Amino acid sequence: QVQLVESGGGLVQPGGSLRLFCAASGSIFSINRMAWYRQAPGKERELVAFIGNDGSTHYEDFVKGRFTISRNSAKDTVYLQMNSLKSEDTAVYYCNAFSAATVRDYWGQGTLVTVSS
């Protein structure tokens, strides 16, 4: 089992920055990939970015050049640095961990990001 807890969300003005945190606990050795997803009101949940165990990263086009995913050396905390925020970035952001050993996705409870003036 893996537990994920997000934090760092809040209200920010357009053009501003926020840093999200995801703390993982439990069987973190089984995690192969960690990711951030988001779900805006009335929309489907969508992938934002992910980071693999080898440190490789992937970003969806709508955040490239603005968001950065990273993790600490212990691999138990993942960050999402969000710069140049736009109103369309408003959403609940969810941390995700995938385990190939159990073929299972784990989810946090989400943290709300609101971009508004």
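Structure first, text after, so check above.
Chemist: Could you give an account of the overall build of the chain, naming the residues involved and the relevant values?
Modeler: The helix and strand tally for the chain stands at zero helices and eleven strands. Mapped in sequence order, the helices and strands of the chain form the string β-β-β-β-β-β-β-β-β-β-β. Over its C-alpha atoms the chain spans a radius of gyration of 14 Å, differing by no more than 12% from the 13 Å that the globule rule assigns to 117 residues. With the C-alpha coordinates of the chain rotated into their principal frame, the extents come out at 45 × 25 × 20 Å. Counting only residues that meet the buried cut, the chain has 40% of its 117 residues in that class. Taking as baseline every contact in the chain between residues at least 6 positions apart, the subset at least 24 positions apart corresponds to 51%. For the chain, the accessible area works out to roughly 6,000 Å², and carbon and sulfur atoms hold 50% of it. Where the 11 positive side-chain charges of the chain centre and where its 10 negative ones centre are 3 Å apart.

Chemist: Give me the pattern of salt bridges: which residues, what numbers.
Modeler: This model, assessed by the stated rule, comprises four salt bridges. A salt bridge links Asp61 to Lys64; its shortest N-O distance comes to 3.2 Å. Lys64 carries the same exposure label as Asp61, and that label is exposed. Here the residues in one salt-bridge network are Arg38, Glu46, Arg66 and Asp89, joined through shared partners.

Chemist: Please give an account of the environment of Tyr37 that cites residues and values.
Modeler: Along the polypeptide, Tyr37 turns up in strand β4 (residues 33-39). Judged by its relative accessible area of 17%, Tyr37 falls in the buried class. Taking C-alpha positions, Tyr37 is 6.4 Å from Cys95, a pair spaced 58 residues apart along the chain. Ignoring any residue separated from it by four or fewer positions in sequence, one finds Tyr37 in contact with Arg45, Glu46, Leu47, Val48, Val92, Tyr93, Tyr94, Asn96 and Trp107. Of note is the side chain of Tyr37, whose polar atom sits 3.5 Å from the side chain of Arg33.

Chemist: I'd love a proper account of the state of the cysteines, names of residues and values included.
Modeler: According to the stated counting rule, one finds one disulfide in the structure shown. Put simply, Cys22 and Cys95 are joined by a disulfide, and their sulfur atoms are 2.0 Å apart. Across the S-S bond linking Cys22 and Cys95, the dihedral sits near -80 degrees, which makes this disulfide left-handed. A residue pair is termed long-range when its members are at least 10 positions apart, and Cys22 in strand β3 (residues 18-26) and Cys95 in strand β9 (residues 91-99) qualify at 73 residues. Both residues of the pair, Cys22 and Cys95, belong to the buried class.

Criteria and cut-off values
- Residue positions are given per chain, counted from 1 along the sequence in the order it is written.
- A pLDDT threshold of at least 70 governs which residues receive local features in this predicted model, and a stricter bar of 80 or more applies before side-chain atom pairs are shown or counted, although totals over entire chains, interfaces and linings include all residues.
- The basis for the side-chain values is all heavy atoms of the structure; hydrogens and waters are excluded.
- Runs of E in the DSSP output that reach at least two residues are strands. Runs of H or I that reach at least four are helices, and both are numbered from the N terminus.
- This radius of gyration counts C-alpha atoms alone. The globule rule is 2.2 Å times how many residues there are, raised to the power 0.38.
- Only protein chains enter the accessibility calculation, which uses a 1.4 Å probe. A residue is then buried if its area is under 20% of the maximum for its type, exposed if over 50%, and partly exposed in between.
- Two residues form a contact once any of their heavy atoms are found within 4.5 Å.
- The Shrake-Rupley method, run with a 1.4 Å probe, gives the accessible areas here. Residue values count only the displayed protein chains as cover.
- Note on charges: Lys and Arg go in the positive column, Asp and Glu in the negative column, and His and the chain ends are not counted at all.
- Lys charges are placed at NZ, Arg charges at CZ, Asp charges at CG and Glu charges at CD.
- Here, a salt bridge means any side-chain nitrogen of Lys or Arg that lies within 4 Å of a carboxyl oxygen of Asp or Glu.
- In the analysis that follows, any N or O atom pair within 3.5 Å is treated as a polar contact, provided that within protein one partner can donate a hydrogen and the other can accept it, and provided that, for residues neighboring in sequence, both atoms belong to side chains.
- Cysteine sulfur pairs qualify as disulfides if the two atoms are within 2.5 Å.

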